[in-house]
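# Examining the three-dimensional arrangement
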Amino acid sequence: MEVTLLKENDYAETMANTVKPALKACLTEGRFDPSPAERGVGIRPLGGTLHYLAYDAAKFDAENNQGASAGFRGCIVLSHGFTEFAEKYDEMVWYFLLAGYSVCAIDHRGHGASARDTDDRCNVWIDDWRRYAADLAGFAETVGQEYANGQPLYLYCHSMGGGISAAVLEQHPALFDKAVLSSPMIAPQTGMPLWLARPLVGALCGLGLGRRPVFGKKDFDPSAPLDLDENPGASEPRERYFHRLRCNNVAYQTYKPAFQWVRQALKLSRAILAPNACGSIETPILLFQSGRDVWVLNEPQDRFVERVRAGGSPIEKVRYDDSLHEIFSMPNAILGPYVERILDFFDTPAPSL
């Protein structure tokens, strides 16, 4: 499907004057109670609700946005990455709406405007990775299905959201019609072999340091200038847009993992890669891999693809050798083929199992 990308030379102006007003006109901001879904899998609710943004394709089309599809194609549930937030995906939501899809984007627990379990605004803690999966599945089964309105329900996820989504696809084979996993956290990059990281982090949590930030991680400083050298090759206008969103909203300033978050990320990885779990997947998957990824590991993604395929489910891997972890933050030369590949995947009839 052909896509007209936002021009990078006037990106900020286009986002402010065209994209954001159009998104606001079709936006419903809501709260989701995750406790029923958590109780359903034997997890004690921690309290609080999860924030979400829902964009209605019919309302978007009614605004006569240039290039919008006249037909409704279904709903895309969006699952963001670690220390991110739903609003970061404004541009991707714009492309999905133009193509005729409603979008429901949740702030995962401990992120954005969702419930927190720590007083440190920059720290991310979770007690059990299964809570993330139960929350996302419950959100998709209720809010997502409501916005799908009898049409296909799709999944688009990135990084940590991809790891969570892989677990959901294993546990709920019939929930989504198709899924896109973009640089998914099948296993995190810990700076050391995973066989060593697991017992080390487990020991630190056992010593009562589970809620402490990982050593060396600092708070986000909104007064500090954006260091573009941290993401060499990314689109500067997109990076500046993401940075402004974070600076302007204290709820978006999550920036560092607690030791218990790392421990649960490693447990999630082991659970995802279990051959019987991979074999339970039925949803067709398109997995994007970033060749210059420094946040998640490529080799576990390859194993996941092999094991899902061995289980009989259709899965395709697309690798962008020159892309950083956030493919959606790259210049148009990479972003264009990426968005078109996603939309073509959603628009093509699913193969028979």
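Up top is the structure.
The following refers to the structure shown. Computed from a prediction, not measured in an experiment: that's the story for all the values here.

With that settled, the discussion passes to the sheet that holds strand β6 (residues 153–158). Read across the sheet, 8 strands follow the order β1-β2-β4-β3-β6-β7-β9-β10 without closing on themselves; strand pairing throughout is mixed. Only two strands of the sheet have a single partner each, and these edge strands are β1 (27–32) and β10 (315–320). Direction aside, neighbouring strands of the sheet carry axes that sit 20° apart on average. As judged from the 4 bridges shared by strand β2 (residues 50–55) and strand β4 (residues 101–106), these two strands associate in the antiparallel manner. Opposite Y55, over in β4, you have V103 as the bridge partner.

All right, on to the packing of helix α6 (residues 160–171) against helix α9 (residues 259–273) then. Contact geometry for α6 and α9: axes closest at 10 Å, N-to-C directions at 40°. With respect to their mutual orientation, α6 and α9 come out oblique. Crossing of α6 against α9: the hand is left-handed. Here M160, G163, I164, A166, A167 and E170 of α6 lie close against α9, whose contacting residues are W261, L268, A271 and I272.

Right, let's talk about the packing of aromatic side chains for a bit. This model, assessed by the stated rule, comprises 19 aromatic pairs. Summarising the aromatic geometry, the rings of Y89 and Y156 are spaced 6.4 Å apart at their centres and angled 75° between planes, so their arrangement reads as edge-to-face. Of this pair, Y89 sits in the loop between β3 (74–79) and α4 (90–98) while Y156 sits in strand β6; the two residues are 67 residues apart in sequence, bridging distant segments of the chain. On the basis of relative accessibility, which here comes to 1%, the residue Y89 falls in the buried class. Judged by its relative accessible area of 1%, Y156 falls in the buried class. A centroid spacing of 4.9 Å and a plane angle of 70° characterise the contact between F215 and F259, whose relative ring orientation is edge-to-face. Of the two residues, F215 is situated in the loop between α7 (194–209) and α8 (236–248) and F259 in helix α9; the sequence distance between them amounts to 44 residues. Exposure remark for F215: the relative accessible area of 60% places this residue in the exposed category. Over the face of the ring belonging to F345 we find K178, whose NZ or CZ atom lies 5.0 Å from the ring centre. Seen from the ring of W125, R211 lies directly overhead, with NZ or CZ sitting 3.8 Å from the centre.

What follows deals with the environment of T28. Relative to the elements of secondary structure, T28 occurs in strand β1. T28 sits in the partly exposed class, given a relative accessible area of 30%. Setting aside its immediate chain neighbours within four residues, T28 contacts Y52, L53, A54, K59 and Y147.

All right, on to the side chain of E91 then. Note on placement: E91 falls in helix α4. Take E91: its relative accessible area is 5%, and that puts it in the buried class. Contacts of E91, omitting those with residues within four sequence positions, involve L6, Y11, M15, R238 and L335.

Right, let's get into α4. For α4, the buried fraction is high: 9 of the 9 residues fall into the buried class. Where α4 is concerned, the buried positions are D90, E91, M92, V93, W94, Y95, F96, L97 and L98.

Attention now moves to the nonpolar core. In terms of nonpolar packing, the biggest core is built from 61 residues, with F176, L181, W261, I285 and F304 touching the most fellow members. For this core, the element with the most residues is helix α5 (residues 129–148), which contributes 10 residues. Not counting chain neighbours up to four residues away, the residues in contact with W261 comprise F82, V124, I126, Y132, M160 and M185. Formed by 54 residues, the second largest nonpolar core is a distinct cluster that contains V3, L53, W94 and Y338.

Rules and cut-offs
- Residues numbered from 1 in each chain as written.
- Predicted model: local features only at pLDDT ≥ 70, side-chain atom pairs only at ≥ 80, totals over all residues.
- Heavy atoms only, no water.
- Pairing = 2+ DSSP bridges.
- Helix = DSSP H or I, 4+ residues; strand = E, 2+ residues; numbered from the N terminus.
- Axes fitted to C-alpha atoms, helices over the stretch in contact; angles between N-to-C directions.
- Parallel < 35°, antiparallel > 145°, perpendicular 65-115°, else oblique.
- Left-handed = near helix turned anticlockwise from the far one by under 90°.
- Contact = heavy atoms within 4.5 Å.
- Phe/Tyr/Trp six-rings, centres within 6.5 Å; stacked < 30°, edge-to-face > 60°.
- Buried < 20%, exposed > 50% of the residue type's maximum accessible area, 1.4 Å probe, protein only.
- Lys NZ or Arg CZ within 6 Å of the ring centre and 35° of its normal.
- Core = buried A, V, L, I, M, F, W, Y, C linked by side-chain atoms within 4.5 Å.

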